[in-house]
Amino acid sequence: MPQAVVCVKPIPDPKEWDRLSLDPETGVLKRAGISTVINPLDKNALEAALQLKDRFGWTVTVVSMAPPDTQKTLREALAMGADKVLMASDRALGGAATLATAYTLAALVRKAGDADMVFCGNMSLDGSTNQVVPQLAEFLGLPHASHVVGVETEDGSTFRVTVDLKDALLTLQHSGPMVLGLTKEANDPRLVSVMGIISAQSKPLEVFSAQDLDLDPEKIGQKGSPTIVSGLFMPEIKRRREILSGEPEEVVDRLIDGLREMGVL
Amino acid sequence: MANVSDYSGFWVFAEQINGKIADVGRELLGKARELADSKGVEAAAVVVGDLTEDEVKELISYGADKVYLLSHPNLKLYSSLTYTRLLEDLVNKEKPEAFLFGAGPLGADLAPRVAARLNTGLSAHCVDLKLNEEGGLDQVVPGFGGSLMATIVCPNHRPQMATVMPGAMKMPEPKEREGEVVRVDVGEVPSPSPEIVEFKPKERSAVALDGADVVIAGGWGIGSEENWKLLEELAEVLGGAVGATRPAIDEGWAPEDVMIGQSGKTVHPKLYIGAGISGVMHHVVGIQDSEVIVAINKDPKAQIFEVCDFGIVGDATKVLPVLISKLKEKLGE
Ligand SMILES: Cc1cc2nc3c(=O)[nH]c(=O)nc-3n(C[C@H](O)[C@H](O)[C@H](O)COP(=O)(O)OP(=O)(O)OC[C@H]3O[C@@H](n4cnc5c(N)ncnc54)[C@H](O)[C@@H]3O)c2cc1C
Ligand SMILES: Nc1ncnc2c1ncn2[C@@H]1O[C@H](COP(=O)(O)O)[C@@H](O)[C@H]1O
């Protein structure tokens, strides 16, 4: 059976981001007590793969590099319909920039066996780098396309992929594996059914260490990340900062007067 | 790891679509010029496409000492594999210390692959670039969580690579300058693979936000599509344009291309009014150049109040209707 591999990243729930903070001393993110969810666009990636499963009987394998406590979140991908999850979880993988992340994900994709198509979200909400898709493709030696707004196939072997370049739409045609970064225009992800949740419990979820994956210790985690955060600072912003509170009628009058004083009305 | 001292000069990838060089390349050249001058090294632009020397030499006036032109009919349309190979060869030959890309869909798609090929670092959506004491490039982005700014460096790998959103850097004034167009021998260029079967330029209606004197922005706190109409009404009264934060776009209240901030647009209005916006750095970096900033938020501790000229503590759905009707009244006077 052909296989689709889907990269799924658990991220801190954006609805709780106001509770996230950076420790100004250490620069470490304080994320204790914040729940994780599947990165939204990764559901579009999963949906594209599941459609190939529905239409042509493909196997759908999810890969993820994430801390062990995100397994519950990844089970949601199984509940949507994926067949199995392969995850890389290891302290040595922590602090990875996109290069090290892509290197690690590439090892997971290889572990999954022959991938006939690799689907990713176009970007992760917490990283928002848009970098993993092209870099994963580079490590796998495959062509890639990001900003994908449409994936079509008639026979499950030749694909037409439409890319939004903002000023133009580009359609690629390819037979053979690619790494695709999907946007939310690409499809509407299905909802999880009760049956899905039940069957997810018995589907395989395998966890690998860096060693299990034969990863080069120089290329993973912080060590494998050419970029580092060298400092944190608060930009100096000088503004008038006149704070008004009270009845809307009163504050609005004061605001309009203020804006006139400053010459912008 | 690269021998860092072998690398010199600041490069900009000036992307073209359909034979037209995008503005972001010119904007970045202004920055590259500034950085190159303070180190006494060269600034260069790299153009890949099907273009003549005459079509690219204007980049000299924007700050390039050299414009590397990689031209071939098969390079007219973007192909990540071919473009990556050509840039890899050129970087390995000429060894620039830094290579900047616009974070439009093309640059954002290409730069990561080039960085991985060269085994170097790439920082995404930088809002500022400056030199540090070691002569390295400090790449400034909002820190995760958005309460602080973070400086990213790439100490041991070259080139130092960064992407920057269109509009985030100021467009330099073109000047009469010396410089040369260097035609790079590209050899045999295969036609793009994967095959490009269709290329459809879009009729793009200019987004009103770009040059607007008044920007009304809404965030997640606006609460519903129904309430969003209040922002549109206010924008109409003031003759302005509506912008949004990412959560508001995710909710579907506003289109993707009006996002303001680190991964969106930078606006420069006379008046910015932000309602229901918490004011993390990811958004604030896109509004800092506004002449006057007004914030409406019901949480007196919201971070946006630290960076505004006028802050109204209150429910936006109650304040906005009053603001709209009073402005209608007073502007009518
Ligand atoms: C790498 C990266 C890049 C990013 N780039 C961008 C970017 O370019 N642009 C961007 O916008 N975001 C960006 N984000 C997201 C950013 O971190 C914030 O999540 C986002 O800016 C918050 O939007 P918000 O203020 O609308 O929502 P929230 O943070 O949820 O804030 C809503 C605010 O509304 C207030 N509120 C609620 N109800 C009302 C009411 N009735 N009346 C008045 N006030 C009310 C609340 O007090 C709160 O302060 C990025 C994130 C990352 C990680
Ligand atoms: N740690 C990870 N585990 C699994 N997939 C990932 C991971 N990081 C990134 N991805 C995938 O790469 C896409 C783009 O992420 P980014 O480049 O960080 O914006 C995501 O939508 C995921 O599909």
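Residues numbered from 1 in each chain as written. Chains lettered and ligands numbered in written order. Predicted model: local features only at pLDDT ≥ 70, side-chain atom pairs only at ≥ 80, totals over all residues. Heavy atoms only, no water.

Caption draft 1: Representation of the sheet that holds strand β14 (residues 214-218) of chain B. Across the sheet, which stays open at both edges, the 6 strands sit in the order β15(A)-β18(B)-β17(B)-β16(B)-β14(B)-β15(B) with parallel pairing between neighbours. The sheet terminates laterally at β15 (242-245) of chain A together with β15 (241-244) of chain B, the two strands that pair on one side only. Across this sheet, the average inter-strand angle for adjacent strands is 20°, counted without regard to direction. Pairing analysis gives 4 bridges linking strand β17 (residues 292-297) of chain B to strand β18 (residues 310-313) of chain B, with the strands arranged parallel. Residue pairing in the sheet places B:Asn297 in a bridge with B:Val313 of β18(B). Helix α6 (residues 225-238) of chain B rests against β14, β15 and β16 (271-275) of chain B of the sheet, and its axis sits at about 175° to β14(B). (Pairing = 2+ DSSP bridges. Helix = DSSP H or I, 4+ residues; strand = E, 2+ residues; numbered from the N terminus. Axes fitted to C-alpha atoms, helices over the stretch in contact; angles between N-to-C directions. Contact = heavy atoms within 4.5 Å.)

Caption draft 2: Region of interest: helix α4 (residues 132-140) of chain A. Within α4(A), 7 of the 9 residues are buried, leaving the element largely enclosed by the surrounding structure. Structurally, α4(A) contributes buried residues whose contacts are with β1 (3-7), α3 (98-111), β8 (117-121), β9 (144-153) and β12 (179-182) of chain A together with α5 (105-117) of chain B. One or two residues past the end of α4(A) sits A:Gly141, with phi positive at roughly 70°. (Buried < 20%, exposed > 50% of the residue type's maximum accessible area, 1.4 Å probe, protein only.)

Caption draft 3: Representation of the domain arrangement of chain B. All names here are of chain B. Domain boundaries assigned for chain B yield domain 1 (4-183) and domain 2 (214-331). On a C-alpha basis, the centroid separation for the pair domain 1 and domain 2 is 33 Å. The interface of domain 1 with domain 2 comprises 14 residues on the first partner and 10 residues on the second. Among the residues of domain 1 in contact with domain 2, Pro142, Gly146 and Met165 are the three that bury the most area, contributing 39% of the side total. Scanning the region where domain 1 abuts domain 2 turns up 0 salt bridges. Counting the contacts that link domain 1 with domain 2 gives 2 residue pairs in polar contact (both at pLDDT 80 or more). For the side of domain 1 that touches domain 2, a count of residues per class yields 8 nonpolar, 6 polar and no charged. (Domains from an automatic or database assignment. Buried area = accessible area lost by both parts, 1.4 Å probe. Salt bridge = Lys/Arg side-chain N within 4 Å of Asp/Glu carboxyl O. Polar contact = N/O pair within 3.5 Å; in protein donor to acceptor, adjacent residues only side chain to side chain. Nonpolar A, V, L, I, M, F, W, Y, C, P; charged D, E, K, R; others polar.)

Caption draft 4: Quick peek at the site of ligand 2. Residues and elements named next belong to chain A. Neighbouring residues of ligand 2: 19 residues in total, closest Cys7, Asp42, Ser124, Thr129 and Val132. Between ligand 2 and Met65, the relevant distance is 2.9 Å, taken from a nitrogen atom to a main-chain nitrogen or oxygen of the residue. One nitrogen or oxygen atom from the side chain of Thr129 is found 2.9 Å from an oxygen atom belonging to ligand 2. Here ligand 2, which alone exposes 490 Å², has 98% of that area covered by the protein. Among the elements that line the shell around ligand 2, the one with the most residues is strand β6 (residues 59-65), at 3 residues. (Near = heavy atom within 4 Å. Areas by Shrake-Rupley, 256 points an atom, 1.4 Å probe, with all protein chains shown as cover.)

Caption draft 5: Structural view of the side chain of B:Asp309. Residue position: B:Asp309 is located in the loop between β17 and β18. Of note is the side chain of B:Asp309, whose polar atom sits 3.2 Å from the backbone nitrogen of A:Arg240. Not counting residues up to four positions away in its chain, the partners in contact with B:Asp309 are A:Arg239, A:Arg240, A:Arg241, A:Glu242, A:Met262, B:Glu291, B:Val292 and B:Ile293.

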